[in-house]
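Examining the three-dimensional arrangement
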Amino acid sequence: MNYSVGQIIYLLSKKDIKVYPVQVIEEVTRKTIEQEIVSYVIKLPDEKETEILLDAVDAEVFTSIQDV
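Here's a quick rundown of the structure. Predicted model only: the values in this text are computed from it and were never measured.

Bringing a negative patch on the surface into the picture now. On the surface, a cluster of negative charge is made up of Glu26, Asp46, Glu47, Glu49 and Glu51. By the element assignment, aspartate 46 lies in the loop between β3 (36–43) and β4 (51–53).

Below, the discussion takes up the nonpolar core. Core analysis: the largest hydrophobic core is formed by 9 residues, namely Tyr3, Ile9, Leu11, Val22, Val24, Tyr40, Ile42, Leu54 and Ala59. Where this core is concerned, the elements lending two or more residues are β1 (8–13), β2 (19–31) and β3. Leaving out residues up to four positions away in the same chain, alanine 59 has contacts with Leu11, Leu12, Ser13 and Lys14.

To continue, consider the packing of aromatic side chains. Under the counting rule described, the total for this entry stands at 1 aromatic pair. Between tyrosine 3 and tyrosine 40 the ring centres are 5.2 Å apart and the planes differ by 80 degrees, which places this aromatic pair in the edge-to-face class. With tyrosine 3 in the segment before β1 and tyrosine 40 in strand β3, this pair connects stretches of sequence that are 37 residues apart. Each member of the pair tyrosine 3 and tyrosine 40 is classed as buried.

Thresholds applied
Residues numbered from 1 in each chain as written. Predicted model: local features only at pLDDT ≥ 70, side-chain atom pairs only at ≥ 80, totals over all residues. Heavy atoms only, no water. Patch = residues over 30% accessible without salt bridge, like charges linked within 9 Å, V, L, I, M, F, W, Y side chains within 5 Å. Areas by Shrake-Rupley, 256 points an atom, 1.4 Å probe, with all protein chains shown as cover. Salt bridge = Lys/Arg side-chain N within 4 Å of Asp/Glu carboxyl O. Lys, Arg positive; Asp, Glu negative; His and termini not counted. Charge placed at Lys NZ, Arg CZ, Asp CG, Glu CD. Helix = DSSP H or I, 4+ residues; strand = E, 2+ residues; numbered from the N terminus. Core = buried A, V, L, I, M, F, W, Y, C linked by side-chain atoms within 4.5 Å. Buried < 20%, exposed > 50% of the residue type's maximum accessible area, 1.4 Å probe, protein only. Contact = heavy atoms within 4.5 Å. Phe/Tyr/Trp six-rings, centres within 6.5 Å; stacked < 30°, edge-to-face > 60°.

Below you can see the structure in the form of structure tokens.
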């Protein structure tokens, strides 16, 4: 799935069945001889505004609250 920098997406946690709004703050593209890999950095809604790779989060991703 492709996201835009600045876009708000929603994570449905698999642990505690909660929905978290997060913001995509960076798109990282890596090109190798064999493939191109796109990953995204998100900002979590915690006190420290933690930045983490979207792939590292154990949650389902939705692009709108209606889809959740």
